[in-house]
Amino acid sequence: MTAAARSGFIAVVGAPNVGKSTLVNRLVGTKVTIVSPKVQTTRARVLGICMAGRTQLVFIDTPGIFRPQRRLDRAMVAAAWEGVAAADLTLLLVDAARGLDADTRRIIGRRRSADAPLVLALNKIDLVGKPSLLTLADALNRDGDFERSFMISALTGDGVDDLLDYLAQTLPEGSWHFPEDQVSDMPMRLLAAEITREQLYLQLHRELPYAAAVETEAWEEGEDGSVTIRQVVYIERPSQKAIVLGKRGRRVKSLGETARKELEAILERRVHLFLFVKVRENWDQDPERYRDLGLNFDA
Ligand code: GDP
Ligand code: MG
């Protein structure tokens, strides 16, 4: 007799930068959500879908939960909590090197008994020694009510299979929510914009605030199997234009080249990527942008 089909949603929560997106990408086996050493790269809720045996696991990669100040931050935090409300299981990720910080305490404290069961994963164990890991696990287990605790490295993959097995066995029986080969619900145009935005973070993080947006304006399939993608990088002030363009356009060229190579790997075909830089003042006060990102303007 074959095992019953199972499926369910797992909200991945945690302070900014603990490795939520890295873990979701590893589990899914391809990039569905962007990663950077700078906090708050994941803006809206992103689904990463993977199969383990007869179980379909749908991970909800949420923006980091932190204390919101600006409107965009508030909207991101609201999206994170919405992810938790919709889930069958909640996976709390803690950065083992950073330990039990205020953000993590706030997440544990905000939980209600009606919420989905909570599973703990101490991440980045490649960075810390066993003794401090055990001390941290003890401290967390005193504070929180966890079904199970795991120690993992989303970067090296250490411990991730055990975690995946446990989650797969724990989700409820039921038919799959998505086709078996689907890895995300994010439209390709949006993912392509996210990949360029990731390069903005990685290549310009010192100079540019995180208030830059990328939109895919055109997507044309060529007869030779290639695809031509036009994107606009929106910045808030005219003075930022020179930063994105770089000397003789070198920076934007390098952004475009790296993003193009990544898109070619994901799409498995040739990509022609054209980037344009435009100023759009106060885009983070524009309700329409929030809708595009799947965020609630009035959160
Ligand atoms: P998020 O904000 O929680 O989604 O975190 P990201 O997935 O964007 O990761 C933040 C940073 O931590 C990135 O530089 C990752 O490469 C790094 N990172 C994630 N997981 C690990 C890990 O297991 N070990 C180490 N050493 N770094 C990690
Ligand atoms: Mg993230």
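Criteria and cut-off values
Residues numbered from 1 in each chain as written. Chains lettered and ligands numbered in written order. Predicted model: local features only at pLDDT ≥ 70, side-chain atom pairs only at ≥ 80, totals over all residues. Heavy atoms only, no water. Core = buried A, V, L, I, M, F, W, Y, C linked by side-chain atoms within 4.5 Å. Buried < 20%, exposed > 50% of the residue type's maximum accessible area, 1.4 Å probe, protein only. Helix = DSSP H or I, 4+ residues; strand = E, 2+ residues; numbered from the N terminus. Contact = heavy atoms within 4.5 Å. Lys, Arg positive; Asp, Glu negative; His and termini not counted. Salt bridge = Lys/Arg side-chain N within 4 Å of Asp/Glu carboxyl O. Polar contact = N/O pair within 3.5 Å; in protein donor to acceptor, adjacent residues only side chain to side chain. 1 Å grid on protein atoms, 1.4 Å probe; cavity = no way out; pocket = protein on both sides within 12 Å on 5 of 7 lines; lining within 4 Å. Points joined across faces, edges and corners; volume = space filled by probe spheres on them. Nonpolar A, V, L, I, M, F, W, Y, C, P; charged D, E, K, R; others polar. Axes fitted to C-alpha atoms, helices over the stretch in contact; angles between N-to-C directions. Parallel < 35°, antiparallel > 145°, perpendicular 65-115°, else oblique. Left-handed = near helix turned anticlockwise from the far one by under 90°. Near = heavy atom within 4 Å. Areas by Shrake-Rupley, 256 points an atom, 1.4 Å probe, with all protein chains shown as cover. Pairing = 2+ DSSP bridges. Phe/Tyr/Trp six-rings, centres within 6.5 Å; stacked < 30°, edge-to-face > 60°.

J.: How do you make sense of the nonpolar core when you look at a structure like this?
T.: In globular proteins that are soluble, nonpolar side chains generally tend to be buried together. In terms of nonpolar packing, the biggest core is built from 28 residues, with Leu 23, Leu 57, Phe 59, Leu 91, Leu 163 and Leu 167 touching the most fellow members. For this core, the secondary structure elements donating two or more residues are strand 1 (6-13), helix 1 (20-28), strand 2 (46-52), strand 3 (55-61), strand 4 (89-95), strand 5 (118-123) and helix 5 (160-170). Here the element with the most residues in this core is helix 5; it accounts for six residues. Ignoring anything within four residues of it in the chain, the contact list for Leu 23 reads Leu 91, Leu 93, Ile 152, Ala 154, Val 160 and Leu 163. Membership of the second largest hydrophobic core comes to 25 residues, among which are Ile 195, Val 244, Ala 259 and Val 271.

J.: Sorry, what's going on with the side chain of Asp 61 here?
T.: Looking at the secondary structure, you find Asp 61 in strand 3. The charged side chain of Asp 61 is buried without a salt bridge, its nearest counter-charge being Lys 20 at 5.9 Å. Within the structure, the side chain of Asp 61 is placed 2.6 Å from the side chain of Ser 21, a separation counted as a polar contact.

J.: Where do I start with empty space enclosed by the protein in this structure?
T.: Using a probe with the size of a water molecule, rolled over the atoms, empty space left in the structure can be pinpointed. Summed over all chains, the structure comprises two cavities of 30 Å³ or more. In this structure, the second largest cavity spans a volume of roughly 40 Å³. In terms of residue class, the lining of the second largest cavity is built from five nonpolar, one polar and one charged.

J.: Sorry if this is basic, but what is going on with the packing of helix 6 (residues 188-204) against helix 8 (residues 250-267) here?
T.: Two elements in contact, helix 6 and helix 8, have axes whose closest approach is 9 Å; the angle formed by their N-to-C orientations is 135°. When the interaxial angle is binned, helix 6 and helix 8 end up oblique. The two elements helix 6 and helix 8 meet at a crossing, and its hand is right-handed. On helix 8, the residues touching Met 188, Ala 192, Ile 195, Thr 196, Glu 198, Gln 199, Leu 200, Gln 203 and Leu 204 of helix 6 are Arg 251, Ser 254, Leu 255, Thr 258, Ala 259, Glu 262, Leu 263, Ile 266 and Leu 267. In terms of residue class, the contact of helix 6 with helix 8 is made up of ten nonpolar, five polar and three charged.

J.: What exactly am I supposed to notice about the site of ligand 1 here?
T.: Close to ligand 1 lie 17 residues; Asn 17, Gly 19, Lys 20, Thr 22 and Asp 126 are nearest. Backbone polar atom of Gly 19 to an oxygen atom of ligand 1: 2.9 Å apart, as the coordinates give it. Between Lys 124 and ligand 1, the recorded distance is 3.1 Å, taken from a side-chain N or O atom to an oxygen atom. In isolation ligand 1 exposes 590 Å². Once the protein is present, 87% of that is buried. No other element matches the three residues that helix 1 contributes to the shell around ligand 1. Each residue belonging to the shell around ligand 1 can be placed in one class, and the counts come to seven nonpolar, seven polar and three charged.

J.: When you look at the sheet that holds strand 5 in this model, what are you seeing that I'm missing?
T.: Strands in a sheet are paired, the pairing made by backbone hydrogen bonds, and the direction either parallel or antiparallel. In space, the six strands of this open sheet follow the order 2-3-1-4-5-6, with mixed pairing throughout. In this open sheet, the two edge strands, each paired with only one partner strand, are strand 2 and strand 6 (148-151). Geometrically, the sheet is characterised by an average inter-axis angle of 25° between neighbouring strands, direction not taken into account. Sheet contacts for helix 4 (residues 130-143): strand 4, strand 5 and strand 6; angle to strand 5, the most-contacted strand, approximately 155°. Against the sheet, helix 5 makes contact with strand 1, strand 2, strand 3, strand 4, strand 5 and strand 6, and its axis sits at roughly 110° relative to strand 3, the strand it touches most.

J.: Could you clarify how one ought to interpret the pattern of salt bridges in this entry?
T.: If charged atoms from side chains of opposite charge come close, those side chains can pair. All chains considered together, the criterion is met by ten salt bridges. A salt bridge links Arg 6 to Glu 173, with the shortest nitrogen-to-oxygen separation between them at 3.7 Å. Pair noted here: Arg 6 is in strand 1 and Glu 173 is in the loop between helix 5 and helix 6, with a separation of 167 residues, a long-range link. Across the pair Glu 264 and Arg 260 runs a salt bridge, and its minimum N-O distance is 3.3 Å. Remark: Arg 260 and Glu 264 occur in helix 8; sequence separation between them is four residues, near one turn of the helix. By relative accessible area, which is 22% here, Glu 264 ends up partly exposed. Counted as one network, the salt bridges with shared partners bring together Asp 95, Arg 98, Asp 101 and Lys 124.

J.: Any chance you could explain the packing of aromatic side chains here in plain terms?
T.: Each aromatic ring pair is characterised by the separation of its centres together with the angle its planes make. Inspection of the entire model under this criterion finds one aromatic pair. The interplanar angle of 45° and the centroid separation of 5.4 Å between the aromatic rings of Phe 150 and Tyr 166 together place this pair among those described as tilted. With a gap of 16 residues between them, Phe 150 in strand 6 and Tyr 166 in helix 5 connect regions that are remote in the sequence. Across the pair, Tyr 166 and Phe 150 agree in class, each one buried.

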